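Summary of structural features
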Amino acid sequence: MKFRRFFSCLLVCCSYQFTLADPGDWSQWRGENRDGRLTTGELPEKLQGSLTLAWEKPHAPSYSGPVVFDGMLYTTETVDKTFEKVTAYNLSDGSVAWTVQWEGSMAVPFFAASNGDWIRATPACSPDGLVVVGMRDVIVCLDPKTGAETWRVDCPKAMGTPLPMFGANCSPLIDGDAVYMQTGGATVKLSMNDGSVIWQTLENATSSSPGAFSSPIIATIAGKRQLLVQTRLELCGVDLETGQPLWKQPIQAFRGMNILTPLPIGDRVFTSAHSGTAQLFEIARDGDKWTIQEVWNQKQQAYMSSPVLVDGRIYMHLKNERMTALDVQTGEATFTTRPIGKYASLITDGNRILALTERGKLMLLDGCTPDYKLIDEMDVAQNSWAHVAVAGDEVVVRDLGKLKVFRIGR
């Protein structure tokens, strides 16, 4: 079957700030609005017999999710433990449009070596540029059509921030003429025009937990559009224009492993942390005074997979390798599965959920029932820690050795 086109944002009862997206775009971390939700189209009704491999290309390792913009597909890789490379493909046939690379690799500490020492952050793309963040906290902006470099910011050199111990993990966020991200020592706003620093906030270079694991999201909370940032110690709301923190909430986590992208739900924000808890907070304000109240606290612990919201339930992959669904109002787990793997990237169209595990199993779930209902599953990759992408009728999978494009019903 082919995807039926409709604006699924009409179904969402949250105060997200949606942007108009081409039906074939998946231009940044977790999609156009960074919440794992399709802004147009639907997920397939089944996988087996419907999902077919259109083309694939070999690649060196990467944990970066693939991004799609204006008919082009972009992926990164770390080559020979020396170079970071970006390749642009024509999505339709897999032909190479351009490649560019630079020296930029680094080795992670021995105790994290099993998680690899290749590029991690997912790029972001807009008409103004493709923004790529390398392991050494170097931000490079490329022309999406030609690969020509338009600007570069070496954060440790330019800002005096430390080199991230585990490499740069935060995926950049493009909003209008600016790009936002957490560097090794602060959250920054850069100009998309020339890479100049507009502001720098939430500085943590001298703290016991420098660097960052989480990628930010923009949402309207208590009537104010703001940047939601999860540092290694706190969940924060930041003024987009000034960089001034609006509110902060400490988050308990093992060794500062706050990894999830926060999930805004109206004036509430959900998060969960490694060896911490699952928490929903209500954010309110009276003039310039902001307040944070915990709505509920649940013992379920997330790890690295950011959740999605479907039909009043928060679907989340857990540290214990299981999947659960938490009722938004009560925090009660409506189901918890058997272990499915160490990681699962999640996408929803508001009805069904697509989950890709690190084992390479693609799972299609029914999100409109309080019970766990697996519709279909299919083996599509191996060692697939990069976030799956859905762009129009294409499902894009990146594992440690290949980039694969599957099509629905063609």
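Above: the structure in question.
Below or above, wherever it landed, is the structure these notes cover. (Residues numbered from 1 in each chain as written. Predicted model: local features only at pLDDT ≥ 70, side-chain atom pairs only at ≥ 80, totals over all residues. Heavy atoms only, no water.)

1. Examining the sheet that holds strand S15 (residues 224-230)
The antiparallel open sheet is built from 4 strands, whose spatial order is S14-S15-S16-S17. Edge strands, defined here as strands with exactly one partner in the open sheet, are strand S14 (217-221) and strand S17 (245-250). Between one strand axis and the next, the sheet turns through 30 degrees on average, direction left out of account. When S14 meets S15, the two strands line up antiparallel, connected through 5 bridges. From the neighbouring strand, Ile217 faces S15, where its bridge partner is Leu228. (Pairing = 2+ DSSP bridges. Helix = DSSP H or I, 4+ residues; strand = E, 2+ residues; numbered from the N terminus. Axes fitted to C-alpha atoms, helices over the stretch in contact; angles between N-to-C directions.)

2. Regarding the sheet that holds strand S2 (residues 67-69)
Spatially, 4 strands are ordered S2-S3-S4-S5 in an open sheet, and the strand pairing comes out antiparallel. Taken across any chain shown, the strands that pair with only one partner, and hence form the sheet edges, are S2 and strand S5 (96-103). Going from strand to strand, the sheet's axes swing by 20 degrees on average, the running direction of each strand aside.

3. A word on unusual backbone geometry
Here the phi dihedral of Glu321 falls at roughly 75 degrees; this positive angle occurs in a residue that is not glycine. Along the chain, the position of Glu321 falls in the loop between strand S23 (313-317) and strand S24 (323-327). Of note in this structure, Asn383 is not a glycine but carries a positive phi near 55 degrees. Judged by relative accessible area, which is 36%, Asn383 ranks as partly exposed. (Buried < 20%, exposed > 50% of the residue type's maximum accessible area, 1.4 Å probe, protein only.)

4. Description of the packing of aromatic side chains
The full count for this structure, using the stated rule, is 10 aromatic pairs. Measuring from centroid to centroid gives 6.0 Å for Phe270 and Trp296, while their planes differ by 45 degrees, and the two rings are tilted. Linking Phe270 in strand S19 (residues 268-272) with Trp296 in strand S21 (residues 289-298), this pair joins segments that are 26 residues apart in sequence. Taking relative accessible area as the criterion, Phe270 reaches 1% and is therefore assigned buried. Relative accessible area serves as the criterion here: at 7%, Trp296 is assigned to the buried category. An aromatic cluster is defined as three or more aromatic residues linked by ring pairs; in this entry it consists of Tyr63, Trp118, Tyr343 and Trp385. Seen from the ring of Trp102, Arg152 lies directly overhead, with NZ or CZ sitting 5.3 Å from the centre. (Phe/Tyr/Trp six-rings, centres within 6.5 Å; stacked < 30°, edge-to-face > 60°. Lys NZ or Arg CZ within 6 Å of the ring centre and 35° of its normal.)

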